[in-house]
Amino acid sequence: MKRTSLWSAALSGACLLSVYAGSAQAAGFQLLEYSVTGLGRSYAGAGVVGDDYSALAFNPAGMGLKQTAGGQVGVVLMNIKSEVKGSVNLSQDTSYSLTPYSNRTIVLNEAAPHFFTQLPVNEDITFGLGVYAPFGLSTNYRADWVGASHAKYSSIEGLDITPSLSYKVNDKWSVGAGINFQRMYANLTNYPYALASSPMASMRSKVEGDDWGVGYNLGIMFEPVKDTRIGLSYRSKITHKLHGHHSMKVLGRTAAWGPGTAKVTTPESFMLSAYSKLNEKFGIAAMAKWTKWSRFDDLIIKSSLSPNGPLVTKENWKNTWMASFGAEYYHSDKLTFRAGISYDETPINGAEYRTARIPDNNRIWLSAGLSYKYKNVTFDAGYTYMFVHDASARHEIDGTKLEMKYHTRANLFGFQVQYDF
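The rules behind each value
Residues numbered from 1 in each chain as written. Predicted model: local features only at pLDDT ≥ 70, side-chain atom pairs only at ≥ 80, totals over all residues. Heavy atoms only, no water. Helix = DSSP H or I, 4+ residues; strand = E, 2+ residues; numbered from the N terminus. Buried < 20%, exposed > 50% of the residue type's maximum accessible area, 1.4 Å probe, protein only. Areas by Shrake-Rupley, 256 points an atom, 1.4 Å probe, with all protein chains shown as cover. Contact = heavy atoms within 4.5 Å. Polar contact = N/O pair within 3.5 Å; in protein donor to acceptor, adjacent residues only side chain to side chain. Patch = residues over 30% accessible without salt bridge, like charges linked within 9 Å, V, L, I, M, F, W, Y side chains within 5 Å. Salt bridge = Lys/Arg side-chain N within 4 Å of Asp/Glu carboxyl O. Lys, Arg positive; Asp, Glu negative; His and termini not counted. Charge placed at Lys NZ, Arg CZ, Asp CG, Glu CD. Phe/Tyr/Trp six-rings, centres within 6.5 Å; stacked < 30°, edge-to-face > 60°. Lys NZ or Arg CZ within 6 Å of the ring centre and 35° of its normal. pLDDT = per-residue confidence, 0-100. Pairing = 2+ DSSP bridges.

## Notes on the overall build of the chain
Thinking step 1. Helix and strand counts for the chain come out as 3 helices and 19 strands.
Thinking step 2. The buried share of the chain, reckoned over its 421 residues, is 56%.
Thinking step 3. Put simply, the chain shows about 17000 Å² of open surface, and 58% of that area lies on carbon and sulfur atoms.

## A look at the environment of Asn180
Thinking step 1. Along the chain, the position of Asn180 falls in strand S6 (residues 173–190).
Thinking step 2. Assessed through its relative accessible area of 0%, Asn180 is described here as buried.
Thinking step 3. If sequence neighbours within four positions are ignored, Asn180 has contacts with Tyr132, Asp160, Ile161, Thr162, Gly213, Val214, Gly215, Tyr216, Asn217, Arg235 and Ile238.
Thinking step 4. Reaching out from Asn180, the side chain makes a polar contact with the side chain of Thr162 at a distance of 2.9 Å.
Thinking step 5. Within polar-contact distance, the side chain of Asn180 engages the side chain of Asn217 at 2.9 Å.

## A few points about a positive patch on the surface
Thinking step 1. Taken together, Lys237, Lys241, Lys263 and Lys302 make up a surface patch of like positive charges.
Thinking step 2. Since its relative accessible area comes to 51%, Lys302 is described here as exposed.

## Digging into the packing of aromatic side chains
Thinking step 1. Under the criterion given, the structure shown has 16 aromatic pairs.
Thinking step 2. When the centroid spacing of 5.9 Å and the interplanar angle of 45° are considered together, the rings of Tyr216 and Tyr234 count as tilted. Within this pair, whereas Tyr216 is found in strand S7 (residues 204–225), its partner Tyr234 is found in strand S8 (residues 228–235), the two being separated by 18 residues in sequence.
Thinking step 3. You can call Tyr216 partly exposed: its relative accessible area is 39%.
Thinking step 4. Each member of the aromatic cluster is reached from another via a ring pair, and the members are Tyr34, Tyr43, Phe58, Phe116, Tyr132 and Trp365.
Thinking step 5. Positioned over the ring face of Tyr53 is Lys66, at 4.6 Å from the centre of the ring.
Thinking step 6. Directly above the ring of Tyr330 sits Lys277, whose terminal nitrogen or CZ lies 4.9 Å from the centroid.

## So, the confidence of the model for the chain
Thinking step 1. For the chain, mean pLDDT is 83; residues scoring 70 or higher make up 82% of the total.
Thinking step 2. The secondary-structure element of the chain with the lowest mean pLDDT is helix H1 (residues 6–11), recorded at 30, while S8 shows the highest, at 98.
Thinking step 3. With pLDDT under 50 throughout, residues 1–24 is counted as low confidence; its partners more than four residues away or in other chains account for 140 contacts.
Thinking step 4. Of the regions scoring below 50 in pLDDT, residues 195–200 engages in 11 contacts with residues more than four places distant in sequence or in other chains.

## Points about the side chain of Thr162
Thinking step 1. Position of Thr162 among the secondary structure elements: in strand S5 (residues 153–168).
Thinking step 2. The class for Thr162 is buried, based on a relative accessible area of 0%.
Thinking step 3. In this structure Thr162 touches Leu56, Gly128, Leu129, Gly130, Tyr132, Gly178, Ile179, Asn180 and Asn217, once residues within four positions along its chain are discounted.

## Let's talk about a nonpolar patch on the surface
Thinking step 1. There is a patch of nonpolar side chains on the surface, built from Tyr167, Val169, Trp173, Val175, Ile220, Ile230, Leu232, Phe270 and Leu272 and spanning about 750 Å² of accessible area.
Thinking step 2. Mapped onto the nonpolar patch, the elements with two or more residues apiece are S6, S8 and strand S11 (269–277).
Thinking step 3. Residue position: Ile230 is located in strand S8.

## Some points on the environment of Asp171
Thinking step 1. Within the secondary structure, Asp171 is located in the loop between S5 and S6.
Thinking step 2. Considered as a pair, Asp171 and Glu223 are 52 residues apart in the sequence and their alpha carbons are 7.6 Å apart.

## A closer look at the pairing of strand S18 (residues 377–397)
Thinking step 1. Direction of pairing for strand S17 (residues 363–374) relative to S18: antiparallel, over a ladder of 12 bridges. Across the sheet, Lys373 pairs through a bridge with Thr378, a residue of S18.
Thinking step 2. Hairpin connection of S17 to S18: 2 residues between the antiparallel strands, including Lys375 at a positive phi of 55°.
Thinking step 3. In terms of strand pairing, S18 meets strand S19 (residues 400–420) through 19 bridges, oriented antiparallel. The partner of Ile397 across the bridge, within S19, is Thr400.

## Brief notes about unusual backbone geometry
Thinking step 1. Although it is not a glycine, Ser42 sits at a positive phi angle of roughly 60°.
Thinking step 2. Among the secondary structure elements, Ser42 is positioned in the loop between helix H2 (36–39) and helix H3 (55–58).
Thinking step 3. The class of Ser42 is buried, set by a relative accessible area of 0%.
Thinking step 4. Of note in the backbone geometry, Tyr43 takes a positive phi value of approximately 65° without being a glycine.
Thinking step 5. Turning to its location among the elements, Tyr43 is positioned in the loop between H2 and H3.
Thinking step 6. According to the relative accessible area criterion, Tyr43 is buried, its value standing at 1%.

Here it is in C-alpha cells:
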C-alpha cells in the first residue's frame, strides 16, 4: 500500500466517538447509553418519563419533571462478540503475501460512564449539568488478521459537557435548551503491509488527533392531561477539525512522523418521545429518532505524509430512523419494573461502504430493567440483548478489497445510583 494512502486506510469509516463499540450500540457510531432507566425500556420515552436526571441529554424540557435537586452516576458495561470470516483480494501488481488469520471471534468489553446533576432555581426554572458520551467506536483485531492493512485498532473517544436550563411555561408546556461542549479524540492503527515473511510485516501506521467543538440541544414538552407527555427535541451538528499526528513504525522504531488534520461533522438529529401513565400500576412509552447521517459523505484528510494533496474516502452514509416501545410496571412506591424493544437502522449504504472499523448493520434491542428506591436513594439496573443483522463487507483501499462477513451479538448491563437532596 502506498504511503500516501495510510491516513485513508487508518481513518476509513471512522467519523469519530467515546470508548465503545460502534457495532454494538445505536447505529453508526452513536451512543444512547447515558441513562440506565432508559436502557431498561430501549430508550422509549427518552427525556419525558422523568424517572432519572438524564433528561437534559435527550430533551432538556423534561428536566423539571424530577422537581428535586439531585444527581446520578452510572455506567453501562458492554460485552460484544463478533464472528469474523472472510478474505482479502489483492491487485495484480501487489507483490506481498498475507498472513492466514481470518476466522476469529472478536470479544470487546467496554464501559460507558455518565454523570448528571440538576438544581431547581425556582418553581419554573431548573438548571442542570451533564457529562456523557453521545458517540463512540471501538474495534480491535489481531495484527496478523487478513484485514490488517485496512484496520487493526480503532478507539474514538468523546465527552460532552452540557449545562442546560428548562422553563415551565404553564401547566401544559415546558421548554429547554443546553450547550454541548464536545471533545473528540481518535486513536486508529493499521498495518499497511501485512506480510508473513518480510520485515515489513511489523510496519504500523498510527493516527491520533483531537478537537473541541460546540453545539446545542433544544427541547419542548407538552402535557395535554396529567401524566401524559409528548416531547420533541433537536440536537445540533458539531463540526470538528481534528489536529494530531501520523506516525509510521518499522520493527518498533519510528520511520516517519508528521502532523495532520481531518474535518468531521457529527450529525444533527430529531427525537420524538411520548409517555403515558395509564393507571397506578402501568405506564407506556415510545420514541422515534431521525439522524442526518448523510453528512458523513466524504472523509477528507490532510497529512504531511501525503504529498499529493488531501486524501478522500467515500463513505456515502444515509439518514436513519430508530423506533422503540416500552412499558413500566409500578409494583410499589419503592419498586418499578420496565421492558422495551427497539429497531435501529444502520447508515451504511451497502457492503462496498462497510469498513472493518465500523462493521455496522441494522439491529434489534430487547431490554428489561428495574428501579428500587430507599429513602432518598434510587438504585437502577438495566439490561439489553442486541441482535445485529449479519453484515457483509466488500471495501477496497488501494487495490486490496476486504471481503468479510460479521455475525455480531451484544449484551449491555447498566447500573446507576440517583440521590435526591
